[in-house]
Amino acid sequence: MGTYIARRLLWVPVLLFLVSFITFVLGQFGPGDPVQILLGQYSDPAAVQRIREQRGLDENVAVQYYRYISGVVQGDFGESYQYRGRSVGELLAKRIPVSAQLNLAALIISVGLGIPIGLFSALKQGSIWDTTSVAATLLAQSLPVFFTAPVLLLVFALKLDILPTHGWGGFFDSRIILPALVIGIPGVAIITRLTRASTLEVVHQDYVRTARAKGLGERAVITRHILRNALIPVVTTLGFALAGLASGSFIVELYFGIPGVGLLAIESLFARDYPIIMAVVIIGTTLFVLANLLIDLAYPFLDPRIRLGGGNIGG
Amino acid sequence: MAWKSLIAMVIGSLFLTACSTVSTPATPEPTTPQTSPSTASSTATTPSNTSTTPNETFSLQAQVDAVDAAQGGKLVRLFRDPPTLDPHLTTDNISGALVNEVYSGLVNVDLDLNVVPDLAETIDVSDDGRTYTFHLRSNAKFHDGKTVTAPDVKWSLERVTNPETQAPVAAQYLSDIVGVTEKLNGSASSIEGVRVVDDRTIEITIDAPKSYFLAKLTYPTAFVLDRDNIEGKGNDWLRQPNGTGPFKLAQYDIGEILRLERNDNYYRKLAYLDEIDFILSGGTAMLMYENNEIHLTGVGIGDLDRVLDPSEPLNAQLQTAPSNFSVDYIGLNVEQPPLDDPKLRLALNLAFDREAIATQVLSNLRTPANGIIPMGFPSYNTNLSGYQYDPEMARQLLKESKYGNDLDNLPRITLNISGSFGANVPLDLEVILQAWEQELGIQVDIQQTEWATFLQDLHARRYQMFTIAWGADYPDPENFLDVLFYTGSDNNQTNYSNPEVDALLEQARVEGDQAKRFELYNRIEQMILDEAPWVPLWNSGESYLLLKPEVKGYYLTPMTIPKYRHVYIIN
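A brief structural summary. Owing to the predicted nature of the structure, the values given are computational and were not obtained by experimental measurement.

Points about the nonpolar core
Residues and elements named next belong to chain B. Core analysis: the biggest nonpolar cluster contains 123 residues, and Phe134, Leu348, Trp436, Met465, Phe480 and Leu481 have the highest contact counts within it. The dominant element in this core, judged by the number of residues it contributes, is helix α18 (residues 514-531), at 7 residues. No fewer than three residues from each of domain 1 (60-264 + 545-569) and domain 2 (324-540) sit in this core.

A closer look at the interface of chain B and chain A
Taken together, the contact pairs 46 residues of chain B with 36 residues of chain A. For the chain B and chain A pair, buried surface summed over both sides reaches about 3700 Å², with 55% attributable to carbon and sulfur atoms. Counting across the chain B and chain A interface gives 3 salt bridges. Salt-bridge contacts for Glu256 of chain B lead to Lys94 of chain A; the nearest nitrogen and oxygen are separated by 3.5 Å. Run the count over chain B and chain A and you get 15 residue pairs in polar contact (both at pLDDT 80 or more). Those elements that place two or more of their residues in the side of chain B that touches chain A are α5 (170-174), β8 (247-253), α15 (451-459) and β17 (465-471) of chain B. The dominant element in the side of chain B that touches chain A, judged by the number of residues it contributes, is α15 of chain B, at 6 residues. Here the residues of the side of chain B that touches chain A are counted per class, giving 23 nonpolar, 16 polar and 7 charged.

Looking at the side chain of Arg268 of chain B
Residues and elements named next belong to chain B. Relative to the assigned elements, Arg268 resides in the loop between β9 (257-262) and β10 (275-279). Within the structure, the side chain of Arg268 is placed 2.7 Å from the side chain of Asp118, a separation counted as a polar contact. What Arg268 contacts, discounting residues up to four positions off in sequence, is Asn108, Pro117, Asp118, Arg137 and Arg565.

Let's talk about the packing of aromatic side chains
All names here are of chain B. Per the counting criterion, the structure on display carries 27 aromatic pairs over all chains. Centroid distance Phe79 to Phe278: 5.1 Å. Interplanar angle 65 degrees. Geometry classified as edge-to-face. Here Phe278 lies in strand β10 and Phe79 lies in the loop between β1 (74-78) and α3 (93-102), a separation of 199 residues in the sequence. Each of the two residues, Phe79 as well as Phe278, counts as buried. By relative accessible area, which is 0% here, Phe278 ends up buried. Directly above the ring of Tyr486 sits Arg509, whose terminal nitrogen or CZ lies 4.3 Å from the centroid. A cation over a ring is seen here: Lys548 above Tyr289, with NZ or CZ 3.9 Å from the ring centre.

A short note on the packing of helix α9 (residues 206-213) of chain A against helix α10 (residues 218-230) of chain A
All names here are of chain A. Packing of α9 against α10 brings their axes to within 10 Å, and their N-to-C directions diverge by 165 degrees. Of the possible angle classes, the one that applies to α9 and α10 is roughly antiparallel. Classified by chirality, the crossing of α10 by α9 is right-handed. Along its contact with α9, which presents Tyr207, Val208, Ala211 and Arg212, the element α10 presents Glu218, Val221, His225, Ile226 and Asn229. Of the residues contributing to the contact of α9 with α10, the split by class is 5 nonpolar, 2 polar and 2 charged.

How each quantity is defined
Residues numbered from 1 in each chain as written. Chains lettered and ligands numbered in written order. Predicted model: local features only at pLDDT ≥ 70, side-chain atom pairs only at ≥ 80, totals over all residues. Heavy atoms only, no water. Core = buried A, V, L, I, M, F, W, Y, C linked by side-chain atoms within 4.5 Å. Buried < 20%, exposed > 50% of the residue type's maximum accessible area, 1.4 Å probe, protein only. Helix = DSSP H or I, 4+ residues; strand = E, 2+ residues; numbered from the N terminus. Domains from an automatic or database assignment. Contact = heavy atoms within 4.5 Å. Buried area = accessible area lost by both parts, 1.4 Å probe. Salt bridge = Lys/Arg side-chain N within 4 Å of Asp/Glu carboxyl O. Polar contact = N/O pair within 3.5 Å; in protein donor to acceptor, adjacent residues only side chain to side chain. Nonpolar A, V, L, I, M, F, W, Y, C, P; charged D, E, K, R; others polar. Phe/Tyr/Trp six-rings, centres within 6.5 Å; stacked < 30°, edge-to-face > 60°. Lys NZ or Arg CZ within 6 Å of the ring centre and 35° of its normal. Axes fitted to C-alpha atoms, helices over the stretch in contact; angles between N-to-C directions. Parallel < 35°, antiparallel > 145°, perpendicular 65-115°, else oblique. Left-handed = near helix turned anticlockwise from the far one by under 90°.

Structural data, given as structure tokens:
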């Protein structure tokens, strides 16, 4: 297991290098110039050139990348182009908690609804409830954010007029409800389906039959024997969701005017604020990769039959 | 003067700083007054602040100066995170609004939009119009009480023109000063034209007698900073800037709040307010206003019907503001067929009804633009013969143009507009395009490009036809006519060139008599309109502001100038 972890960890910098380098180079070749955007509509080619030189934007891409990544390795993500005089770290530090709260609320919705619905469907397999929930989840999962967001706004904000449309007031503010639902609904579908599928697999296992045979009550069978085993794949997805906590939901944050990482990233894309874009990409990738690793490491604790790196699971 | 017209005149909305009217992508924010849509009211057609309006003796500044209110109170409003609080780096109106309260410069613009001495007490101009001698106020102090001296002024100008400062608009505002260009491009280590005469006297020499030089000097680029506050501190000084303005920065938490408090060392009449809270964390402005959480808010289209209803209690708190100094236009690249024929360009201008579109499509939130200079701006010409809707004449002109004989083979025209997030094509443009097709049979395709790319292509002169707005950077017609139409100017995106116009522009730059100068600009504007490199569309017009009745002395202006020190709150 030690070598497995070491091997996986060694991959992390390689992946980060590839992702960051590709993002960096793509930025260089895209249209639009961050310095020109600072000047806005006013055209002053000499000023643009002067500032580009000062920032080293005219140098070879490899040189620029090396300089940038050397800073990042030392924890310095540089200075924002659009918010002048502000470090990227400072700006992100303000945004990450916002996105994290929003995503946590969404996660609570996904898990809170997904697990019970999935379990219920599986236990009532073939019933009308089961069919309905399978169909509903399939639908919910297929709906893109740019569809659910306006529809929820139309219903809850405009027609029923019970929820606000826009803005941010923290975790315990009613403005979090709609965006959290928009992010959470596809999650409900995923978790419902996962829970249902794995529960169905588990209920036919010998140990469940044994548990029933030894006279355990149905509640005890479900919580102690079925649920615990059925949740393994669910935990996997939760891990990914946790990795996503610190990264913003771009479209949802834009749509609802939530000052999180996603909104900052979109603003930065339009302002060609490369230092921020790079930081969002690098942090997002790192979290994703590490979360992935942690999930893999967590498996053996949940299911003793799984051995890491041994290839002895069989089949 | 009737109360209403007074209000209409002074509650001019909208900050204007460098190119502020462009549609840069930003957080959707329908909340602050400076982003509200606007049109000009009929009362706004006789503003007091232009030299073209004779016999106007009313002075808002004088009225405000006569007020003597008690100190105290806190003003609360919504705002947005400023991209910077460094005046030398400021290019946008959000930063500009705050920077104008915390810092100051030798001159500024008063509420009547006159350029007046600020840190300077008096200004002497040499007979040849090239040397300006500024005598600093003896009581001019930084926030910490230290006296502002001529070396401070010089150091600030040296800082902003140091290439390492990376000031984006230093050249735009300061390159009239002898030696600034050399300093900026690194061939000189100090500005030749700036000389410290003694501790309280500084002398600035410019390259030609340009009467708009002082107007340019009102921009934050020329503000005075404290060397001890800045040197060796990296960006940390911005947390506790030692400015000279009527307010000082008390607190700034990114994305949460920015709080200003009164500077008791201010060299002019002190501000009344103890504090101003700029809430940065967002919120629904109307709701917050109605809950008494904020003192003022702009009114978006969605709430307009309600607050315009006289039976609505809020209606009594509604104030209207006249148009700001900007013009939306369609630019025509005069080098690209078929727009290379002035007759065809004129035909485009006459073929649609600006009045009707403003009323029916734009709900009067914009007013038809007669010409290039916005209504009420210095040198605005009430006698200008602007473009009148005349489809007959338009068809006639089109026939007379060199494309008139073979209209079926007219080269294709593409109109480029900037727009992000899948924004719709503005309805007014759709209507204009339809009018061109119906009246003239000219088809125009629309191409929408995201802002950054749009800018790049615009500056590279890649567009045949484009639409954009131009807002005033300083109160002088040079900022429109010279910057946008002089042959080869960096901002002349239509490639318009007329040697006669150029000669007049050169003459106007150095004309000492302001009345004569404005006459020159009026002539120039008419000449340009006759050749039609633009299709002027709209001036932004009246906007609506809700202001709590206890707040007095809050005046919105068509340009970004310091204004909060006039505000007071009555019990």
